[in-house]
Amino acid sequence: MSDKLRLTTKILMACLIALVFNWTAFDSVQSYTRIMLHEMYKYDGNIDAVIVGGSEVLKGYDSNIASKIMNQNVFNLGSASQQLGGSYAIIKEANKNHKIETVFLDVGFQRNQADKEGELQTYILTDFFHFGINKYSYLYQTAGFKGIENDIMPCIHRHGEPIHVIKGKLTEDYRKYGYKNVTHDTEKYMGSGFVYSYKNAKHGDYFEIEENIVSNNVMSDFAKRKLKEITNYCYQNDIKLVLIETPLPDATLSKENYQPYVDYMREYANKNGLQYLNFNLLKKGYLELTFDDFSDAVHLSGKGAQKFTGVFSDVSAKATNNSEEVKKYFYDTYLKKINENPDETMR
Amino acid sequence: MDIVTLEYFIFIFFTALIYWSLKGKNKWIVLLFSSLIFFFANSKPSTVLYMLYSTTSVYFGTILLEKRDERKKQIIAGAVIISNLAILAVLKYSNLFIDAVNFVGILFDNSEPILHRVSLIAPLAISFYTLQIIGYFIDCYRGEIKPEQNIFKLLLFTCYFPMMVSGPICRFSDVQNSLFNNNSFDYQRVSLGIKRIALGLIKKIAIGNRLFSVVSIIDADISTYSGYYIWISALLYSLYLYMDFSGCMDIISGVSNILGVKLPDNFKAPFFSRSTREFWRRWHITLGAWLRDYVLDSLLKSRIYINITKISIKKLDKKRGRNLSVYISMLSVWICMGIWHGNGWKYVLGEGLWYWMVIVLGMMLESKFNNLRNSLKIDANSNCWHIFQSIRTLIIFSVGNLFFKATNLNSAFNQIIKSFSVRGDIGVFSNLISDNSNIRGLTNVSVLLVAILLVLIVDILIYKDKDVFKIIAKKGFLARWTVYTLMIALIVLSLGTHSVPFAYAMF
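Residues numbered from 1 in each chain as written. Chains lettered and ligands numbered in written order. Predicted model: local features only at pLDDT ≥ 70, side-chain atom pairs only at ≥ 80, totals over all residues. Heavy atoms only, no water.

**Considerations on the overall build of chain B**
Logical step 1: Within chain B, the regular secondary structure consists of 21 helices and zero strands.
Logical step 2: Relative to the globule expectation of 23 Å for 507 residues, the C-alpha radius of gyration of chain B, 24 Å, shows essentially globular dimensions.
Logical step 3: Once the C-alpha set of chain B is aligned to its principal axes, its extents read approximately 70 × 65 × 55 Å.
Logical step 4: Taking all 507 residues of chain B together, the buried fraction comes to 51%.
Logical step 5: Summarising the internal contacts of chain B: among those between residues at least 6 apart in sequence, 77% fall at separations of at least 24.
Logical step 6: Counting every atom, chain B has about 24,200 Å² of accessible surface; 66% of that belongs to carbon and sulfur.
Logical step 7: Put simply, chain B has 52 plus and 30 minus side-chain charges, and the middle of one group is 7 Å from the middle of the other. (Helix = DSSP H or I, 4+ residues; strand = E, 2+ residues; numbered from the N terminus. Rg over C-alpha atoms; globule rule 2.2 N^0.38 Å. Buried < 20%, exposed > 50% of the residue type's maximum accessible area, 1.4 Å probe, protein only. Contact = heavy atoms within 4.5 Å. Areas by Shrake-Rupley, 256 points an atom, 1.4 Å probe, with all protein chains shown as cover. Lys, Arg positive; Asp, Glu negative; His and termini not counted. Charge placed at Lys NZ, Arg CZ, Asp CG, Glu CD.)

**Concerning the overall build of chain A**
Logical step 1: If you tally the helices and strands in chain A, you get 15 helices and seven strands.
Logical step 2: The globule rule puts the C-alpha radius of gyration for 347 residues at 20 Å, and the 21 Å found for chain A is close to it.
Logical step 3: Taking the principal axes of its C-alpha atoms as reference, chain A extends roughly 80 × 40 × 40 Å.
Logical step 4: Taken across its 347 residues, chain A has 56% of its residues classed as buried.
Logical step 5: Summarising the internal contacts of chain A: among those between residues at least 6 apart in sequence, 80% fall at separations of at least 24.
Logical step 6: Within the structure as shown, chain A displays about 15,500 Å² of accessible surface, and the carbon and sulfur contribution to it stands at 53%.
Logical step 7: Taken as two groups, the 41 positive and 44 negative side-chain charges of chain A have centres that lie 4 Å from each other.

**A few points about the pairing of strand β4 (residues 187-191) of chain A**
Residue and element names in this part refer to chain A.
Logical step 1: Direction of pairing for β4 relative to strand β5 (residues 194-197): antiparallel, over a ladder of four bridges. Of the residues in β5, the one forming a bridge with Lys-188 is Tyr-196.
Logical step 2: The hairpin turn running from β4 into β5, its antiparallel successor, is two residues long, and Ser-192 in that turn takes a positive phi close to 50°. (Pairing = 2+ DSSP bridges.)

**Brief notes about the environment of A:Gly147**
Residues and elements named next belong to chain A.
Logical step 1: Structurally, Gly-147 is set in helix α7 (residues 133-152).
Logical step 2: Gly-147 gets classed as buried once you look at its relative accessible area, which sits at 0%.
Logical step 3: The sequence separation of Gly-147 and Thr-126 amounts to 21 residues, and the corresponding C-alpha distance is 9.4 Å.
Logical step 4: Aside from chain neighbours lying at most four places away, what touches Gly-147 is Tyr-123 and Leu-139.

**Looking at the pattern of salt bridges**
Logical step 1: Inspection of every chain in the model, using the stated rule, returns 29 salt bridges over all chains.
Logical step 2: A salt bridge links A:Lys176 to A:Glu172; the shortest N-O distance between them is 2.8 Å.
Logical step 3: The exposure class of A:Lys176 is exposed, given its relative accessible area of 59%.
Logical step 4: A salt bridge links A:Lys303 to A:Asp293, with the shortest nitrogen-to-oxygen separation between them at 3.6 Å. Here the residue A:Lys303 occupies a position in helix α13 (residues 302-319), and A:Asp293 occupies one in the loop between β7 (275-278) and α13, the gap between them amounting to 10 residues.
Logical step 5: Residue classification places A:Lys303 among the partly exposed positions, given a relative accessible area of 41%.
Logical step 6: If you follow the salt bridges from partner to partner, you end up with B:Asp139, B:Glu144, B:Arg171, B:Arg292 and B:Asp293 in one network. (Salt bridge = Lys/Arg side-chain N within 4 Å of Asp/Glu carboxyl O.)

**Notes on the pairing of strand β6 (residues 240-245) of chain A**
All names here are of chain A.
Logical step 1: The buried fraction of β6 amounts to five of the six residues, a majority that puts the element mostly inside the structure.
Logical step 2: As judged from the five bridges shared by strand β3 (residues 102-106) and β6, these two strands associate in the parallel manner. Its bridge partner being in β6, Phe-104 is matched across the sheet by Val-242.
Logical step 3: Relative to β7, β6 is paired through four bridges, and the arrangement is parallel. In the sheet register, Ile-244 faces β7, and the bridge partner there is Leu-277.

**Here's the deal with the interface of chain B and chain A**
Logical step 1: Between chain B and chain A, the contact holds 22 residues from the first and 25 residues from the second.
Logical step 2: In this structure, the connection of chain B to chain A is made through zero salt bridges.
Logical step 3: Contributing elements (two or more residues each) for the side of chain B that touches chain A: α1 (6-21), α8 (187-220), α19 (442-463) and α21 (477-492) of chain B.
Logical step 4: Looking at the side of chain B that touches chain A element by element, the count peaks at seven residues for α21(B).
Logical step 5: Residue composition of the side of chain B that touches chain A, grouped by class: 14 nonpolar, six polar and two charged. (Nonpolar A, V, L, I, M, F, W, Y, C, P; charged D, E, K, R; others polar.)

**A word on the side chain of A:Thr33**
Residues and elements named next belong to chain A.
Logical step 1: Take Thr-33: it is sitting in helix α2 (residues 32-41).
Logical step 2: Residue Thr-33 is classed as buried on the basis of its relative accessible area of 8%.
Logical step 3: Look past the residues within four positions of Thr-33 in its chain and what remains in contact with it is Ser-79, Ile-124, Leu-125 and Phe-128.

**Quick notes on the nonpolar core**
Logical step 1: A:Val103, A:Leu105, A:Leu243 and B:Trp283 are the most contacted members of the largest nonpolar core, which totals 235 residues.
Logical step 2: Sort the elements by how many residues they give to this core and helix α9 (residues 228-259) of chain B lands first, with 15 residues.
Logical step 3: Taken domain by domain, this core gets at least three of its residues from each of domain 1 (6-189) and domain 2 (268-405) of chain B.
Logical step 4: The residues contacting A:Val103, other than those within four sequence positions of it, are A:Val50, A:Val52, A:Ile91, A:Cys234, A:Ile239, A:Lys240, A:Leu241 and A:Val242.
Logical step 5: Membership of the second largest hydrophobic core comes to eight residues, among which are B:Ile222, B:Ala406, B:Ala412 and B:Ile416. (Core = buried A, V, L, I, M, F, W, Y, C linked by side-chain atoms within 4.5 Å. Domains from an automatic or database assignment.)

**Here we look at the sheet that holds strand β2 (residues 74-76) of chain A**
Within a sheet, adjacent strands bond to each other through the backbone by hydrogen bonds, running parallel or antiparallel.
Residue and element names in this part refer to chain A.
Logical step 1: Strand order in the open sheet formed by five strands is β2-β1-β3-β6-β7, and the pairing between neighbours is parallel. Strands with a single pairing partner mark the edges of an open sheet, and in this sheet they are β2 and β7. For this sheet, the mean inter-axis angle between neighbouring strands, taken without regard to orientation, is 20°.
Logical step 2: The strands touched by helix α10 (residues 221-236) within the sheet are β3 and β6, with β6 carrying the most contacts at an inclination of about 145°.
Logical step 3: Here α13 sits on the sheet and contacts β1 (49-52), β3, β6 and β7; the angle it forms with β7, its principal contact strand, is near 155°. (Axes fitted to C-alpha atoms, helices over the stretch in contact; angles between N-to-C directions.)

**So, α1(B)**
Residues and elements named next belong to chain B.
Logical step 1: An ideal rise of 1.5 Å per residue puts 22 Å on 16 residues; α1 measures up with 22 Å between its terminal C-alpha atoms.
Logical step 2: When α1 is considered as a whole, its buried residues turn out to be Tyr-8, Phe-11, Ile-12, Thr-15, Ala-16, Tyr-19 and Trp-20. Buried residues in α1, looked at end-on, bunch into an arc of 145°, giving them a common side.
Logical step 3: Those residues of α1 that are buried are in contact with α2 (28-42), α7 (172-179), α8 and α9. (Expected span 1.5 Å × (residues − 1). Arc of directions from axis to C-beta.)

**What about the side chain of B:Arg373?**
Residues and elements named next belong to chain B.
Logical step 1: Inspection of the secondary structure puts Arg-373 in helix α15 (residues 366-375).
Logical step 2: This buried residue, Arg-373, is left without a salt bridge; Asp-379 holds the nearest opposite charge, at 6.9 Å.
Logical step 3: A polar contact of 3.0 Å, which involves the side chain of Arg-373, links it to the side chain of Asn-370.
Logical step 4: Ignoring any residue separated from it by four or fewer positions in sequence, one finds Arg-373 in contact with Ile-378, Ala-380 and Trp-385. (Polar contact = N/O pair within 3.5 Å; in protein donor to acceptor, adjacent residues only side chain to side chain.)

**Describing a nonpolar patch on the surface**
Residue and element names in this part refer to chain B.
Logical step 1: A cluster of nonpolar residues, Met-357, Leu-361, Met-364, Leu-365, Phe-369, Leu-372 and Leu-376, forms a patch on the protein surface that exposes about 660 Å² of accessible area.
Logical step 2: If you list the elements that add at least two residues to the nonpolar patch, you get α14 (345-364) and α15.
Logical step 3: For the nonpolar patch, the leading source of residues is α14, giving three residues.
Logical step 4: Residue position: Met-364 is located in helix α14. (Patch = residues over 30% accessible without salt bridge, like charges linked within 9 Å, V, L, I, M, F, W, Y side chains within 5 Å.)

Next comes the structure, spelled out in structure tokens:
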């Protein structure tokens, strides 16, 4: 064997050994996103509508309820801390495998203040994306070569005790994308991307989040750019884009400089011919949210999610095809909403 | 471009591929281009002017030295050396001077600082390449080497990219042949280089990152981790510094090996040293050698030093007079050592004067220590005595590092006072592990211990002048690949540790 071939063989062997150890350390055993993406890729039939956003979406929309009411296949593509860059990537990924007709894009202000895409939230998705340009362009845009490193060796950003990881990965449930490892005391994966949370908020809980809205720059330049890219992509691919906001507790929202953000999103939607359904502005009579319906400062509980999904599906089905209908369901301003229909966290 | 990244290894791969594939006499040009690319990727482009000045001033300086009388040679040498040192001094050590002026101001009751601290951008590796190019110039001045006729080859010697990160400080004669040699692919050399890189990665990420995480927890909360924790932090920092710096050297040497350029070693099992003097012959070897060959040697031959020796001998007796002048010459070297390490008085004290004091006291009291040891009937050649000496040396080194890692001189003294005046709380010890994702868990602890054991074995072999990789290469397939598998495991299972930049990368 020539020296170069000998060396190449040894390097390949070393790489193989490294990949084996990477497998023992890369902890994907309890990943919701792994199962969610697998189900999206292997969906029986065509996914007609997707809901994209962060964990507020992941825990806020029961896809099965939405599918029944809206009479189409709805899939929840939410993931932890997903930003607009991730939403863009996952919309493209879903559209590669299905003929998506509608995208419900969560534009909650808390997702849109950062001036760049976070690495961890990128890896949460790309760890389980199929090989392709979409995956690597998203990875490279976020993290450059470091992103590629993390893709080859995902144990860099997500590692567990090898003994437990190996045990978990060798189970049939893991190999067949079962739900055993994603069923916990506090929450469980329900299928089609939805995670049901058993945790309930209560009076005295701390309702505050880190992100703040700056009145003269309600959305970061990075988020604005990504929103534009998503809008253009949907337009070019004949996809209806609907901007939505998942309900946050009023105890959280009322601390924010929220109205300028609402005005900005409304103006953006009007300029681009989009629907903007802000469920934080829902009128009295459509949805009464109590402490039990929230699990913390930003997430709906499982009970709240199923309650909300029903309303979301109804309103979306009626309002998305008729912009005049939208005004029937929503207040113009958040102040009006707080005065006339605050949720239990504010009452 | 951090050298523990995929980017760097892809860069090496393509550099090596192009370098090996080219035929002809001028393959070194590939190394020059790669070095300049590396420089621009890691430094503000305008700072290349400093590096170009260093190279051209030395190049033309050596030309001007030819056929000149001694007086003119001294003037030219002075101008070249001083101008290069001046650039280094201004870019790296301005604040040292400013702090000294402000301190004098305080003594004269000035409440406001006389001068304000500056923030100047120094090019990558200026502390390394400046000493390296000055060393080359002095060697030419002394007639020890012939000046390099090709300015671009000299530029390559200045900015050869593996050494740009953390040295070593090379002598031209040591690297000249291999650097300009048109090396081609060699299986043994490349294989050895890769193994050396792997060892460096183990030191840096399996051990160094983990130790540093413990040091960080202690240093971030001195009020909780007070008393003896301050000394634990200093000791662990010493070990971390070794793993970080020598790990970096292993990676750099491994990369350079792959390209066929042999760099001098910078470490030789320093923690087995029996004394501080021996320690500094085994730690950052090339810096110590540079200071010895170009500062101490020049000083010992200088008129000032000869006069000092004469006066000392006159005032004291011959033996004590000679000793005093040696101590004074060593003081100059150690002050330079301290200054080189950083832009602050804590470095002068902690990395310079402290060691000078220890070494001088050791020399002055050597006979008394020997008498005491003999009276206690301790065998100087025994392993126990050697272990005692090594631990003593590590403690001395850790005291110096307490200054090195402190924010400033005041902070260092405060820590020393606190370490004796406050009692450490044993109850928080477990937090150093439980609060630390780099150490917590069976895997992390196992990897750390196995990696330390591996490095210990390697260092024992180095101390005994044995080459660990040659020993492994002679073993059978199963034994070799068990070791390689273990090394790969230690690296992969440590990739998730929080990484910090190499400690000497900013020099």
